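# Structure assessment
The lines below spell out each chain.
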Amino acid sequence: MSYSNPMANDHHHCDELFAAAEQVVEGGEWLRASESHRRFIEAMRHHLEAEEQLLFPAFEAASGMTQGPTSVMRHEHEQMRGLFAQMDQAVAAQSGDDYLGASETLLILMQQHNAKEEQILYPMLDQMLAPQADELLPQLAERIDSAGV
Amino acid sequence: MNYTALSLSQTPPLSVPLRFFLTAPLFLAAAALLLLINADALTVGRWSPTMLALTHLVTLGFLGMVMVGAIQQLLPVLIGVPLTYPRLTSTLLHLLMAAGILLLVTGMALTSLFLLQLGSALLLPALLGFILLVWYTLWRSPSTHATVGAMALALFALLVLGGIALWVMLQGGWHLPLAHPLTRLHIGWGGLGWIGALLIGVSYQVVPMFQITPEYPLRVRRWLTLLLAGVLLLWSASALFIPSVTWLAEFALAGLVLLFAVQTLWLQQQRKRRLADVTFDFWRLAMGSLILAVVTWLLGQWFNWPQLGLVTGVLFLLGFATSAINGMLYKIVPFLVWLHLNNRVQSSGGWQGSIPNMKQIIPVVATRRQYQLHSAALLLLLLAVGVEIVPVVRIAAGLWLISALYLGWNLLQGMRCYQHYLRQVGQG
């Protein structure tokens with residue numbers, strides 16, 4: 001029973017949707033691009049909210065740290081949302097250059113963020129939140145998109 | 001696990017890595033310039049003062065500078081432990097390294113005893129302090145990722161190769177014994193231990209990140225750098241005590257290097273992100289060069305053509321290490337500029353929408369052109385070593401010089417973009 005596995009799997013799921021969206025945008029078919037972009041953003045939104053509303057509060061309660069790693073993760077989530085907004089605008093304006101510039105930036109931000117979570121934060125969750133796993137894991141599965149995949 | 005050491009943000013001030021990244025291309029350009037001026041150096045073989053200086057301008061000046069700067073950035077971000085006094089450490093380290101390398105290399109080129117000693121006196125304490133600081137930080141890290149082990153090995157190799165260099169100089173009364181028997185060990189620990197292990201450790205992180213590829217197999221991550229360390233030790237021991245079996249360890253080392261290159265290309269072949277990407281092109285060039293370097297090294301075991309050693313050197317240092325690092329800089333520098341702009345704007349409550357994206361911070365067209373120049377310079381240099389015609393060496397060195405300066409210029413554009421934007425929003 002771990003949090004690491006489903007959450008890391010969901011990162012990979014989001015990565016795939018990300019790569020697909022970039023690919024379609026580069027092809028310039030904006031109808032499909034807009035749909036592909038929406039699917040990616042949706043999956044990301046669910047992932048970020050599952051962390052912010054479920055896992056981070058549980059971690060903060062268990063560790064007593066609210067200004068520690070989770071506050072940094074929340075800060076980076078906000079930075080990602082800023083880039084989501086730029087990508088939304090680029091889709092609306094049908095600007096491939098703006099989209100791919102913002103998505104390149106998002107890729108690095110997102111990947112270094114994921115690496116920190118997978119290598120450091122999630123293993124901490126696995127340890128500290130082990131007693132609540134029976135209660136938290138089903139709730140987590142309901143929130144993230146890749147749970148049934 | 002030490003939770004209090006962990007904050008996961010701790011990205012050091014932008015100046016900490018950037019001062020190293022911006023200085024490094026100048027050393028690369030200096031290497032190219034040295035070759036342009038002494039174009040016959042390539043045709044007289046490996047063991048000349050010019051070649052010695054040229055090699056160290058690339059290894060210490062370019063590769064070393066970038067690697068030391070990048071470690072200071074990576075430790076807090078990926079390993080989860082901040083460095084103490086990052087700004088002071090980086091300023092001191094940068095000054096000592098830049099001055100030390102310049103003096104040392106000039107001492108090599110001019111065979112000046114005084115400059116060699118002065119350069120070593122600055123460089124050796126700086127690197128020793130750096131090694132100890134990073135080891136201490138790695139030891140405190142909560143991360144169990146393979147990158148931690150690879151970095152620890154890389155720094156051990158740096159210690160060994162520096163130690164050998166110092167020993168050889170002290171033994172020879174600071175007269176450079178160019179083809180000393182221990183020189184081989186110095187090159188092996190430098191190339192495969194320090195440069196190789198660090199690039200392997202960084203690859204574990206950045207190859208899956210940049211192109212969205214599968215992870216390196218667990219078996220590779222667990223064993224590759226351990227095996228590399230073990231075989232390097234066996235190789236050194238056999239070279240000192242039972243030279244007749246050295247070849248065995250050397251073939252094992254070649255096999256490990258080959259495994260890494262092929263594994264990396266194989267992962268990249270399965271990449272999800274298939275857009276044109278200059279960093280990816282640099283990396284394919286790097287891995288292709290590494291494979292070719294193994295091939296030319298192997299050929300050198302059977303054919304007695306002295307230029308093969310030089311070809312292997314050019315392929316390894318310029319084709320493999322320089323290409324990989326050049327390519328990574330085009331992701332790291334624009335991202336750091338963006339990140340620091342974002343943090344500044346966010347903390348002052350400003351609007352983030354106007355912050356330039358990575359492709360605006362360093363224009364893609366310029367990075368693509370520099371890649372073409374770098375590839376052309378590499379090809380021509382290999383040709384030049386082969387045909388041994390001075391005018392061809394000159395053209396190759398000229399292209400290399402332009403490429404190095406262009407790299408520096410592109411990185412500088414990133415920093416200027418940072419300053420320009422901050423002035424624009426009234427924070428500069």
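Residues numbered from 1 in each chain as written. Chains lettered and ligands numbered in written order. Predicted model: local features only at pLDDT ≥ 70, side-chain atom pairs only at ≥ 80, totals over all residues. Heavy atoms only, no water.

### Regarding the overall build of chain B
Stated precisely, the cut-off is as follows: Each helix is a run of DSSP H or I of at least 4 residues and each strand a run of E of at least 2, with the numbering of both proceeding from the N terminus. Accessibility here uses a 1.4 Å probe with only protein chains present; expressed as a share of the type maximum, an area under 20% marks a residue as buried, one over 50% as exposed, and anything in between as partly exposed. Throughout, a contact is declared for two residues whenever any of their heavy atoms are within 4.5 Å. Each accessible area value is a Shrake-Rupley result obtained with a 1.4 Å probe; residue values ignore everything except the protein chains displayed when judging cover.
Helix and strand counts for chain B come out as 13 helices and zero strands. Counted from the first residue to the last, chain B has its helices and strands arranged as α-α-α-α-α-α-α-α-α-α-α-α-α. When the backbone C-alpha atoms are referred to their principal axes, chain B occupies close to 65 × 50 × 50 Å. Going through the 428 residues of chain B one by one, you find that 57% of them count as buried. Long-range contacts, defined as pairs at least 24 residues apart, comprise 78% of the intrachain contacts of chain B with a sequence gap of at least 6. Working note: accessible area of chain B is about 17,300 Å², and carbon and sulfur atoms make up 71% of it.

### Quick look at helix 6 (residues 183-211) of chain B
All names here are of chain B. So the rule is basically this: To get the bend at a residue, fit one axis to the 7 residues ending there and another to the 7 starting there, then take the angle between the axes.
At S203, helix 6 shows its largest bend, some 40 degrees. Most of helix 6 sits out of view: 27 of its 29 residues are buried. Of the residues flanking the end of helix 6, it is I212, one or two places downstream, whose phi is positive at about 50 degrees.

### As for the domain arrangement of chain B
All names here are of chain B. Heads up, the rule is: Marked domain ranges trace back to an automatic or database domain assignment. Defined in terms of a 1.4 Å probe, buried area is the accessible area two parts forfeit on being brought together, summed over both. For this analysis, a salt bridge means a side-chain nitrogen from Lys or Arg found within 4 Å of a carboxyl oxygen belonging to Asp or Glu. The term polar contact refers here to a pair of N or O atoms within 3.5 Å; inside protein, the definition further demands a hydrogen-donor-capable atom paired with an acceptor-capable atom, and it admits residues adjacent in sequence only when both atoms are side-chain atoms.
When its domains are assigned, chain B resolves into domain 1 (8-143) and domain 2 (275-428). Here the C-alpha centroids of domain 1 and domain 2 sit 17 Å apart. Buried surface at the junction of domain 1 and domain 2, both sides included, amounts to about 2,800 Å², of which 86% is carbon and sulfur. Applying the counting criterion to the domain 1 and domain 2 interface returns zero salt bridges. Counting across the domain 1 and domain 2 interface gives three residue pairs in polar contact (both at pLDDT 80 or more).

### Here we look at the interface of chain A and chain B
Put simply, the rule reads: Residue polarity is assigned by list, with Asp, Glu, Lys and Arg as charged and Ala, Val, Leu, Ile, Met, Phe, Trp, Tyr, Cys and Pro as nonpolar; anything else, Gly included, falls into the polar class.
Chain A puts 36 residues into the contact, and the matching count from chain B is 37 residues. Across the interface of chain A and chain B, roughly 3,300 Å² is buried in total on both sides, 64% from carbon and sulfur atoms. If you sort the residues of chain A by the area they bury against chain B, E104(A), Q119(A) and I120(A) come out on top, with a joint share of 18%. Along the contact surface separating chain A from chain B lie four salt bridges. Note that R273(B) and E22(A) form a salt bridge whose closest N and O atoms lie 2.7 Å from each other. For the interface between chain A and chain B, the tally reads 10 residue pairs in polar contact (both at pLDDT 80 or more). Going through the elements one at a time, helix 1 (4-27), helix 3 (69-92) and helix 4 (96-128) of chain A are the ones with two or more residues in the side of chain A that touches chain B. For the side of chain A that touches chain B, the leading source of residues is helix 4 of chain A, giving 19 residues. Here the residues of the side of chain A that touches chain B are counted per class, giving 17 nonpolar, 11 polar and eight charged.

### Thoughts on the side chain of N342(B)
Within the secondary structure layout, N342(B) lies in helix 10 (residues 307-347). We classify N342(B) as buried; its relative accessible area is 2%. Engagement of the side chain of N342(B) in a polar contact is seen with the side chain of Q79(A), the distance being 3.3 Å. In contact with N342(B), other than residues within four places in its own chain, are Q79(A), Q352(B) and I355(B).

### A few points about unusual backbone geometry
Residue and element names in this part refer to chain B. Here Y85, not a glycine, exhibits a phi torsion of approximately 45 degrees, which is positive. Its relative accessible area of 64% is what places Y85 among the exposed residues. Look at T111: it is not a glycine, yet its phi comes out positive at around 45 degrees. With respect to the secondary-structure elements, T111 resides in the loop between helix 3 (86-110) and helix 4 (113-139). Under the relative-accessibility criterion, T111 is labelled exposed at 54%.

### Re the pattern of salt bridges
Evaluation of the coordinates by the stated rule reveals 17 salt bridges over all chains. Measuring nitrogen to oxygen at the nearest pair gives 3.1 Å for the salt bridge that ties R32(A) to E29(A). The network of salt bridges with shared partners includes E22(A), E104(A), R273(B), D277(B) and K331(B).

### Topic: a nonpolar patch on the surface
Residue and element names in this part refer to chain B. Selection criterion: Each patch is built from residues that are more than 30% exposed by relative accessible area and take part in no salt bridge. Like charges join if they lie within 9 Å; nonpolar side chains (Val, Leu, Ile, Met, Phe, Trp, Tyr) join within 5 Å.
A cluster of nonpolar residues, L240, F241, I242, V245, W247, L248, F251, L292, V295, L299, W302 and F303, forms a patch on the protein surface that exposes about 1,300 Å² of accessible area. Breaking the nonpolar patch down by element, the ones donating at least two residues are helix 7 (218-241), helix 8 (246-269) and helix 9 (278-302). Relative to the helices and strands, W302 resides in helix 9.

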